[in-house]
Amino acid sequence: MKKKLIRITTIPISLEKLLGGQLSYMNTYYEVTAVSSAYDDLKRVAMQEGVSFHCVPMTRAITPLQDLIALYKMYVYFRKTRPEIVHTHTPKAGLIGMLAAYLARVPHRLHTVAGLPLLESSGLRRKMLQFVEKITYQCATKVYPNSFGLKDIILAAQFCATTKLNVLANGSSNGINTAHFSTAALVPSMVQDLRSSLGLKTSDFVFIFVGRLVADKGIHELVAAFSKLNQEHVKLLLVGSFEPDLDPLRKETLVKIDTNSSIISVGYQADVRPYFALSHALVFPSYREGFPNVVMQAGSMELPCIVTDINGCNEIIMHGENGVIVPVKDVEALYVAMQKIVQDVSFYLQLKRNSRTKIVTNYEQCVVWESLLAEYQKCKTDV
């Protein structure tokens, strides 16, 4: 009989986009159950992965009453199902899942860290988030930062002992399916049709950003830097949704997005590959990350990347080799990097030639999955 493995995220889209395919792979070896909020979305994702599911409503915001209710429901569920392993992702799911698993005496409690919101917080909020991280890590039996830089941050903050930490493979929570994220996997006519529908010309140089359109992703700096370029045949393609309730953009940035005809915002897209395929370079000026899938995806699609000098990003991108690294929140540096990639054709082509090779060599998805499976299998002997 297979051992029970429960995988938890706060919202189902994290299971789908950050861990796509992984639950199905692990279901070959374990009886996998996906736990998250939003019943309908969770059911859809679980069916895609071919695993069982259980809905526990959770919020991404600070909501003490709802969090206590979620903790109780999670605890009851663990006591009833008696899993051998509980593995959590995302901050709120980590806190609730690890604490409930600890109280329910689940023997193996694993938590993956894919970013720390506290890095962009201050004052009382930062102290509270630090406390939450410490509680989560104390309740876990193993903690998996998904980048080496993130591991260093955790150790410097003394959230847990080094013996509890492990970075899988070369980093990342899920690796990258380089066969899927490949220009060869797309029908050229589909990309051409999309380009036409967006009003883009083949002569346009297209910068792309993929992710949530929020302040923490550096959207203010990106829009400001792009506005300085002011070149007719250079476009900025924004692929992602706004989050006005959690992290709203400033009014002046929203106005620029709406009024600049060279900025094209297409909202959330289930399949980002055609958008990468019609673009020339990714710009990802995020303030904080764990190990960004978007940068790996873009690289696998042969796009050079302009990223900020933060953990994860500066592990995937080697400055001058497969992309450019700029300081965080530096509009001028971002502008200069974008301008150089547009104007220096030989430099751009050099970065482009190296982009896919870097990802295929270091972050192939099967390697990450096998590394995680080996961690699960160690649990048999650790009880």
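Refer to the structure presented above.
This structure is a prediction, so every number in the text was calculated from the model and none was measured.

Asks: Can you lay out the pattern of salt bridges for me, pointing to particular residues and giving the numbers?
Replies: Taken as a whole and judged by the stated rule, the model has 11 salt bridges. The salt bridge involving Arg273 is made with Asp271; its shortest N-O contact spans 3.0 Å. Of the residues examined, Arg273 reaches a relative accessible area of 11% and is grouped as buried. With a shortest N-O distance of 3.0 Å, Lys340 and Asp344 are connected by a salt bridge. Residue classification places Lys340 among the partly exposed residues on the basis of a relative accessible area of 37%.

Asks: Tell me about the packing of helix H9 (residues 219-229) against helix H10 (residues 251-259), and name the residues and values.
Replies: How two helices sit against one another is set out by the angle between their axes and by the gap between those axes. Closest axis-to-axis distance for the H9/H10 pair is 10 Å, and the angle between their directions is 50°. Considering the angle they form, H9 stands oblique to H10. Here H9 runs over H10; the crossing is left-handed. In contact with Ile219, His220, Val223, Ala224 and Ser227 of H9, H10 contributes Thr253, Lys256 and Ile257. Looking at the contact of H9 with H10 residue by residue, the classes come out as four nonpolar, three polar and one charged.

Asks: Explain the environment of Lys92 to me, and be specific about the residues and the numbers.
Replies: Topologically, Lys92 is positioned in helix H5 (residues 91-103). Residues Lys92 and Ala61, 31 residues apart in the sequence, show an inter-C-alpha distance of 8.3 Å. Not counting chain neighbours up to four residues away, the residues in contact with Lys92 comprise Thr10, Thr59, Arg60, Ala61, Thr63 and Asp67. Of the polar contacts made by the side chain of Lys92, one reaches the side chain of Asp67; its length is 2.9 Å.

What counts and what doesn't
Residues numbered from 1 in each chain as written. Predicted model: local features only at pLDDT ≥ 70, side-chain atom pairs only at ≥ 80, totals over all residues. Heavy atoms only, no water. Salt bridge = Lys/Arg side-chain N within 4 Å of Asp/Glu carboxyl O. Buried < 20%, exposed > 50% of the residue type's maximum accessible area, 1.4 Å probe, protein only. Axes fitted to C-alpha atoms, helices over the stretch in contact; angles between N-to-C directions. Helix = DSSP H or I, 4+ residues; strand = E, 2+ residues; numbered from the N terminus. Parallel < 35°, antiparallel > 145°, perpendicular 65-115°, else oblique. Left-handed = near helix turned anticlockwise from the far one by under 90°. Contact = heavy atoms within 4.5 Å. Nonpolar A, V, L, I, M, F, W, Y, C, P; charged D, E, K, R; others polar. Polar contact = N/O pair within 3.5 Å; in protein donor to acceptor, adjacent residues only side chain to side chain.

That is the geometry; function is a separate question.
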